[in-house]
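A structural walkthrough
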Amino acid sequence: MKNLVHDPLGAFHLGVAVLSLITGTLVLLLPKGSVSHTQIGYVYAISMLLVNITAFSIYRLWGGFGIFHIAAVVSLVTLLGGMVPVLTKRPKQKYMSYHFSFMYWSVIGLYAAFASETLTRIPETPFFGMVGVATFSIMITASWYFRRHKEQWNQQFNQS
């Protein structure tokens, strides 16, 4: 555990990241619009907000702002891009489409971050190579799945 967590902030970051992985997966699997989906979705959103906030306070790897901080900015944008439309119900005719599109990519980005973090811990592997392999493979697979199901999801909520 010494190499996995270096301080209380890192432990908290890891804890809310694991909670985000669990709740994000559940939200993807649960029927959209159900009470369970909504409740677990709020837990996901809050835990991801905490993951991003704590990420901006961790500088051990680079000694300053680095590539994972850029990923945290992208993560925060996808999270807000998914939550703001569903909370404001705007734009009127497309808010659900924005919600599920951005939230889908929020969870997928978290999967890519998890895979990158895991693969970079394999001894004597190229850091950026492992980040690239993890991110690329997850994003390509997720893109295929998203394109395959987006129209079905839009029709479920009468969104085009």
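Bear in mind the structure is a predicted one, so any value in this text is a computation, not a measurement.

Calculation notes
Numbering of residues starts from 1 in every chain and runs along the sequence as written. Two thresholds apply to this predicted model, a pLDDT of at least 70 for residue-level local features and 80 or more for giving and counting side-chain atom pairs, whereas whole-chain, interface and lining totals are computed over all residues. Side-chain measures were taken over the full set of non-hydrogen atoms in the model, leaving aside hydrogen atoms and water. Each helix is a run of H or I in the DSSP string that is no shorter than four residues. Each strand is a run of E no shorter than two, and both are numbered from the N terminus. Using a 1.4 Å probe on the protein chains alone, a residue whose accessible area is under 20% of its type maximum counts as buried, one over 50% counts as exposed, and one in between counts as partly exposed. When checking whether two residues touch, look at their non-hydrogen atoms; a contact exists if any pair is within 4.5 Å. Working convention for charge: Lys and Arg count positive, Asp and Glu count negative, and His plus the chain ends are omitted. Just so you know, the charge point we use is NZ for Lys, CZ for Arg, CG for Asp and CD for Glu. Think of pLDDT as the predictor's per-residue confidence, scored from 0 to 100. Note on terminology: a nonpolar core comprises buried Ala, Val, Leu, Ile, Met, Phe, Trp, Tyr and Cys residues joined through side-chain atoms within 4.5 Å. The aromatic pairing rule takes the rings of Phe, Tyr and Trp, using the six-membered ring of Trp, and pairs them if the centres are within 6.5 Å, calling planes under 30 degrees apart stacked, those over 60 edge-to-face and the rest tilted. The patches described consist of residues with a relative accessible area above 30% and no salt bridge, like charges being joined within 9 Å and nonpolar side chains (Val, Leu, Ile, Met, Phe, Trp, Tyr) within 5 Å. Working definition of accessibility: Shrake-Rupley area with a 1.4 Å probe, residue cover restricted to the visible protein chains. For salt bridges, the criterion is a side-chain nitrogen of Lys or Arg within 4 Å of an Asp or Glu carboxyl oxygen. Each helix should span, by expectation, one fewer than its residue count multiplied by 1.5 Å.

Before going further, it helps to examine the overall build of the chain. Counting its secondary structure elements, the chain contains five helices and zero strands. The order of α-helices and β-strands along the chain, N terminus first, is α-α-α-α-α. Overall, the chain is about 50 × 30 × 25 Å in size when its C-alpha atoms are taken along their principal axes. For the chain, the proportion of its 160 residues judged to be buried stands at 35%. Long-range pairs, those at least 24 residues apart, make up 61% of the contacts in the chain between residues at least 6 apart in sequence. Looking at charge distribution, the chain has the averaged site of its 11 positive side-chain charges lying 16 Å from that of its 4 negative ones.

In the predicted model, the chain carries a mean pLDDT of 90, and 94% of its residues have values of at least 70. Here helix 5 (residues 127-156) stands out as the element of the chain with the lowest mean pLDDT, 90, in contrast to helix 2 (residues 35-55), whose mean of 97 is the highest.

For the rest of this paragraph, the subject is the nonpolar core. Counting 15 residues, the largest nonpolar core has Tyr44, Met48, Leu79 and Met83 as the members making the most contacts within it. Counting only elements with at least two residues in this core, the list comes to helix 1 (8-29), helix 2, helix 3 (67-88) and helix 4 (95-119). Considering each element in turn, this core owes the most residues, five residues, to helix 4. Here Tyr44 is in contact with Ser20, Thr23, Gly24, Leu79, Met103, Ser106, Val107 and Leu110, once residues within four sequence places are set aside. Counting six residues, the second largest nonpolar core, distinct from the first, contains Phe100, Ala142, Phe146 and Trp153.

This next bit is on the packing of aromatic side chains. Think of a pair of aromatic rings as described by two things: how far the centres are apart, and how the planes are tilted against each other in angle. Going through the model one piece at a time under the given rule, you end up with 10 aromatic pairs. For the ring pair Phe68 and Phe127, a centre distance of 5.9 Å and an interplane angle of 80° mean the geometry is edge-to-face. With Phe68 in helix 3 and Phe127 in helix 5, this residue pair connects regions lying 59 residues apart in the sequence. A relative accessible area of 31% places Phe68 in the partly exposed class. Pairing Tyr104 with Trp105 gives two aromatic rings, centres 5.2 Å apart and planes at 90°, and the pair type is edge-to-face. Among the residues examined, Tyr104 registers a relative accessible area of 6% and is labelled buried. Members of the aromatic cluster, connected to one another through ring pairs, are Phe100, Tyr104, Trp105, Trp144, Tyr145, Phe146 and Trp153.

What follows is about a nonpolar patch on the surface. A contiguous nonpolar surface patch, about 560 Å² in accessible area, is contributed by Tyr59, Phe65, Ile70, Val73, Val74 and Val77. Among the structural elements, Val73 can be located in helix 3.

Time to look at helix 3. The first and last C-alpha atoms of helix 3 sit 32 Å apart over 22 residues, in line with the 32 Å expected at 1.5 Å per residue. Every buried residue of helix 3 is accounted for by His69, Ala72, Ser75, Thr78, Leu79, Gly81, Gly82, Met83, Pro85 and Val86. Immediately beyond the C-terminal end of helix 3, within one or two residues, lies Lys89, with a positive phi of roughly 60°.

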